[in-house]
Amino acid sequence: MKFSYYGHACFGVECEGKQVLFDPFISGNPLAKDIDIDAIPADYIFLSHGHVDHIYDCERIATRTGAKIVCNWEIHEWLGRKGLANTHPMNTGGKWAFEFGTVKTTAAQHSSGLPDGSYGGNPMGFIFKTGKRSFYYSGDTALTLDMQLIPSFAVPDFAIMPIGDNFTMGVEDAARAAQYINCRTIIGVHYNTFGFITIDTAQAQDYFSRHGLELLLPGIGATIEV
Ligand code: NI
Ligand code: MN
């Protein structure tokens, strides 16, 4: 599958010919200044939670592309009040068969308040089971024992997880999460964007390889095959 990284926790995955974008936050990220936000393809936009560093550019990209936004119930209502009607509300633990595959939402241990102070419901992660491959995006979360349930739905071929620590899992917890979900290929996100989440990437990759895991850190703007 083609994975494109747009910085922070924003990335796109091509699923069965559909462009699925996650947690759009580009114009607020100085590290992503070379990304042309108005050229990012999207048939779907998945939002893990309501924090500004995950939804800042959602309205702009959804308006341009007409992408369907998949998010929790409260964010769906909030977007509806802004006039964004092409949404699909879900909530934790539910699954839905989309045209590109089935997505099951998972618990994330985090918070989800919206930028204007509105209640943003509960944060979520997503397990994608498509024809070719399965993958897991944890969203912003702590390490939880619940992650051990993920392979009972689908064993991920790769997983996208935060590694920046302070607000989410750090490197050591993400490596343990990889073991919980039976997945050795992890794409790290949510690091180095701002001061609280600055990490030593060489040390992080070394930690993963010493634990029999692979930590992929594609550059901002890069597309890789996973
Ligand atoms: Ni967050
Ligand atoms: Mn975040």
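How each quantity is defined
The numbering scheme is per chain: residues are counted from 1 as the chain's sequence reads. Key to labels: chains lettered from A, ligands numbered from 1, both in the order written. Reporting in this predicted model follows two pLDDT cut-offs: at least 70 for local features of residues, and 80 or more for side-chain atom pairs to be given and counted; totals over whole chains, interfaces and linings ignore these cut-offs and use all residues. Excluded from the side-chain calculation are hydrogens and water; included are all heavy atoms of the structure. Residue exposure (1.4 Å probe, protein chains only): buried if accessible area is under 20% of the type maximum, exposed if over 50%, otherwise partly exposed. Each helix corresponds to a stretch of at least 4 residues labelled H or I by DSSP, and each strand to a stretch of at least 2 residues labelled E; elements are numbered beginning at the N terminus. Two strands are said to pair when DSSP picks up at least two bridges between them. Here the term right-handed applies to a crossover when the path leading from its first strand over the helix to its second strand runs clockwise, the strands being oriented away from the viewer. For Na, K and Ca the donor cut-off is 3.2 Å, while for other metals it is 2.8 Å, and in both cases only N, O and S atoms qualify; water is not among them, so sites may look incomplete. A pair of Phe, Tyr and Trp rings is counted when the ring centres sit within 6.5 Å of each other, with Trp represented by its six-membered ring. The angle between the planes then sorts it: under 30 degrees is stacked, over 60 is edge-to-face, the rest tilted. In this scheme, Lys NZ or Arg CZ marks a charge over a ring once it lies within 6 Å of the ring centre and within 35 degrees of the ring normal.

Enquirer: Can you walk me through the pairing of strand β11 (residues 158–162) in this structure?
Expert: Regular strands place their side chains on alternate faces of the sheet. When you tally the buried positions in β11, you get five out of five residues, the bulk of the element. By the alternation rule, side chains of β11 split into Phe 158, Ile 160 and Pro 162 and Ala 159 and Met 161, which are all buried. Pairing analysis gives four bridges linking β11 to strand β12 (residues 185–189), with the strands arranged parallel. Bridge pairing links Ala 159 to Ile 186 in β12. Read from β11 through helix α5 (residues 171–180) to β12, the crossover connection turns out right-handed.

Enquirer: Would you mind going over the coordination of the manganese ion (ligand 2) with me for this structure?
Expert: Six octahedral donors around a metal ideally subtend angles of 90 or 180 degrees, whereas four tetrahedral donors ideally subtend 109.5 degrees. The protein atoms that coordinate the manganese ion (ligand 2) are Asp 53 (OD), His 54 (NE2), Asp 140 (OD) and His 190 (NE2), at distances of 2.2 Å. Read from N- to C-terminus, the donor residues coordinating the manganese ion (ligand 2) fall into the pattern D-H-x85-D-x49-H. The distance between the manganese ion (ligand 2) and the nickel ion (ligand 1) is 3.0 Å, with Asp 140 acting as a donor to both metals. Placement of Asp 140 in the loop between β10 (134–137) and α4 (150–153) and of His 190 in the loop between β12 and α6 (201–210) is noted, with a sequence separation of 50 residues between them. Judged by its relative accessible area of 1%, His 190 falls in the buried class.

Enquirer: Would you mind showing me how to read the packing of aromatic side chains here?
Expert: All chains considered together, the criterion is met by 20 aromatic pairs. Centroid distance Tyr 44 to Phe 98: 5.8 Å. Interplanar angle 80°. Geometry classified as edge-to-face. Linking Tyr 44 in strand β4 (residues 44–46) with Phe 98 in strand β7 (residues 95–98), this pair joins segments that are 54 residues apart in sequence. Taken together, the ring pairs in this structure connect Phe 3, Phe 11, Phe 22, Tyr 44, Phe 46, Phe 98, Phe 100, Phe 126, Phe 128, Phe 135, Tyr 137 and Phe 158 into an aromatic cluster. The ring of Trp 78 is capped by Lys 82, whose NZ or CZ atom sits 4.7 Å from the centre of that ring.

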